[in-house]
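Geometric and topological summary
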Amino acid sequence: MTEKVPSIGHWAEHINNLSEADKKQWARDYCAIADVYIRTLLTMGYDDTAADKLTQALLAELTSYCGGRHIYFPKRDRLDSSLRDDALFRDWSELGVKPCDLAEKYGISRTHVYRVINKKRAAKRARAH
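Residues numbered from 1 in each chain as written. Predicted model: local features only at pLDDT ≥ 70, side-chain atom pairs only at ≥ 80, totals over all residues. Heavy atoms only, no water.

1. Observations concerning the overall build of the protein chain
Our working rule: To qualify as a helix, a DSSP run of H or I must reach at least 4 residues; to qualify as a strand, a run of E must reach at least 2; elements of each kind are numbered from the N terminus. Working definition: with a 1.4 Å probe on protein chains only, accessible area under 20% of the residue-type maximum means buried, over 50% means exposed, and in between means partly exposed. A contact between two residues is defined here by any heavy atoms of the two lying within 4.5 Å. Methods summary: accessible areas were calculated by the Shrake-Rupley approach with a probe of 1.4 Å, and residue burial reflects only the protein chains presented.
Scanning the protein chain from terminus to terminus reveals six helices and zero strands. Beginning at the N terminus, the succession of helices and strands in the protein chain can be written as α-α-α-α-α-α. Looking at the protein chain residue by residue over its 129 residues, the buried ones come to 21%. A sequence separation of at least 24 residues applies to 43% of the contacts in the protein chain between residues at least 6 apart. Looking at the protein chain as shown, the accessible area adds up to about 10,100 Å², and 55% of this sits on carbon and sulfur atoms.

2. Some words on the packing of helix 4 (residues 76-95) against helix 5 (residues 99-106)
Our working rule: Convention adopted: a line fitted to C-alpha atoms gives each axis, helices being fitted over their contacting stretch, and angles between N-to-C directions are expressed from 0 to 180 degrees. Roughly parallel means an angle under 35 degrees; roughly antiparallel, over 145; roughly perpendicular, 65 to 115; everything else is oblique. Two helices crossing with the near one rotated counterclockwise from the far one by less than a right angle form a left-handed crossing, whereas a clockwise rotation gives a right-handed crossing. In this count, Pro and Cys sit with the nonpolar residues alongside Ala, Val, Leu, Ile, Met, Phe, Trp and Tyr, while Asp, Glu, Lys and Arg are called charged and the others, Gly among them, polar.
Two elements in contact, helix 4 and helix 5, have axes whose closest approach is 10 Å; the angle formed by their N-to-C orientations is 150 degrees. If you check the angle between helix 4 and helix 5, you find them roughly antiparallel. The two elements helix 4 and helix 5 cross, and the hand of that crossing is right-handed. In this structure, helix 4 uses Arg84, Ala87, Leu88, Asp91 and Trp92 to contact helix 5, whose residues at the interface are Pro99, Leu102, Lys105 and Tyr106. Residue composition of the contact of helix 4 with helix 5, by class: six nonpolar, no polar and three charged.

3. Things to note about the pattern of salt bridges
Where we set the bar: Salt bridge, as used here, is a side-chain nitrogen of Lys or Arg placed within 4 Å of a carboxyl oxygen of Asp or Glu.
All told, the structure shown has four salt bridges when counted by the stated rule. For the salt bridge of Arg84 with Asp85, the shortest nitrogen-to-oxygen distance reads 2.7 Å. Between Asp86 and Lys120 there is a salt bridge, with its nearest N and O atoms 2.4 Å apart. Separated by 34 residues along the polypeptide, Asp86 in helix 4 and Lys120 in helix 6 (residues 110-128) bring together distant segments of the chain.

4. Here's the deal with the side chain of Asp91
With respect to the helices, strands and loops of the structure, Asp91 is situated in helix 4. Owing to a relative accessible area of 10%, Asp91 belongs among the buried residues under this scheme. Beyond its immediate stretch of four places on either side in the chain, Asp91 contacts Gly96, Val97, Leu102, Lys105 and Tyr106.

5. Regarding the packing of aromatic side chains
What counts, and what does not: Ring geometry is summarised as follows: Phe, Tyr and Trp rings, the Trp one being its six-membered ring, pair when their centres sit within 6.5 Å, and such pairs are stacked at plane angles under 30 degrees, edge-to-face over 60 and tilted between the two. Two conditions define a charge located above a ring, namely a distance within 6 Å from the ring centre to NZ of Lys or CZ of Arg, and an angle within 35 degrees of the ring normal.
Evaluated as defined, the whole model comprises one aromatic pair. Centroid distance Phe89 to Trp92: 5.6 Å. Interplanar angle 40 degrees. Geometry classified as tilted. Residue Phe89 and its partner Trp92 are both found in helix 4; the two are separated by three residues, about one turn of the helix. Judged by its relative accessible area of 10%, Phe89 falls in the buried class. When the ring centre of Tyr65 is taken as origin, the NZ or CZ atom of Arg69, which lies over that ring, is 4.7 Å away.

6. Section: the nonpolar core
For the record, the criterion: For our purposes a nonpolar core is just a set of buried Ala, Val, Leu, Ile, Met, Phe, Trp, Tyr and Cys residues, chained together by side-chain atoms within 4.5 Å.
Membership of the largest hydrophobic core is limited to 10 residues, which are Ala87, Leu88, Phe89, Leu102, Ala103, Tyr106, Ile108, Val113, Val116 and Ile117. Secondary-structure elements contributing two or more residues to this core are helix 4, helix 5 and helix 6. Every residue in contact with Ala103, bar those within four places of it in the chain, is listed here: Ile108, Ser109, Arg110 and Val113.

7. Section: the packing of helix 4 against helix 6
Packed helix pairs are specified by the crossing angle of their axes together with the interaxial distance, meaning the distance between the axes. Axis separation between helix 4 and helix 6 bottoms out at 10 Å; the angle between their running directions is 80 degrees. With respect to helix 6, the axis of helix 4 lies roughly perpendicular. Two secondary-structure elements touch here, helix 4 through Arg78, Ser82, Arg84, Asp85, Asp86, Leu88, Phe89 and Trp92 and helix 6 through His112, Val113, Val116, Ile117, Lys119, Lys120, Arg121 and Lys124. Residues of the contact of helix 4 with helix 6, tallied by class, amount to six nonpolar, two polar and eight charged.

Structure follows, in C-alpha cells:
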C-alpha cells in the first residue's frame, strides 16, 4: 500500500507548528533539500505540479531510507576532485598514460599526479586484502 505523502506546500504551511527543537534539528535541511529538488526539476523542464509530485516522492524515499541518520554531503569541489582522481588513476592504470601527460590533461602538478596514483594504488591493495 502506498503511503500518502502530504505536499511540500502542505508541509510548509504547518512548519510553524513544529517545536523550536524540531525546527533547529531538521526542518531547515529538509526544506533546503526540497528547494534543491524543486529548482532542479523546474530547470529540467517539469511543470510546477510534476516538480512538486516528484519532490514529494523523492523526499519520502529519502526519509524512508535515511531517516534518523546524519549524512555528510561533500562540497562540490571535493566531489569533483575525487571524480578527477578516479579518472586519472584509470587513465594511468588501464590506459598507461604517463604521469607528465596526466598532469597536463588534468591541470595539476606531476607531484600531485604521483600523490593521487600512490593513494589510489594503496586503496586498491587494501580492498584486495
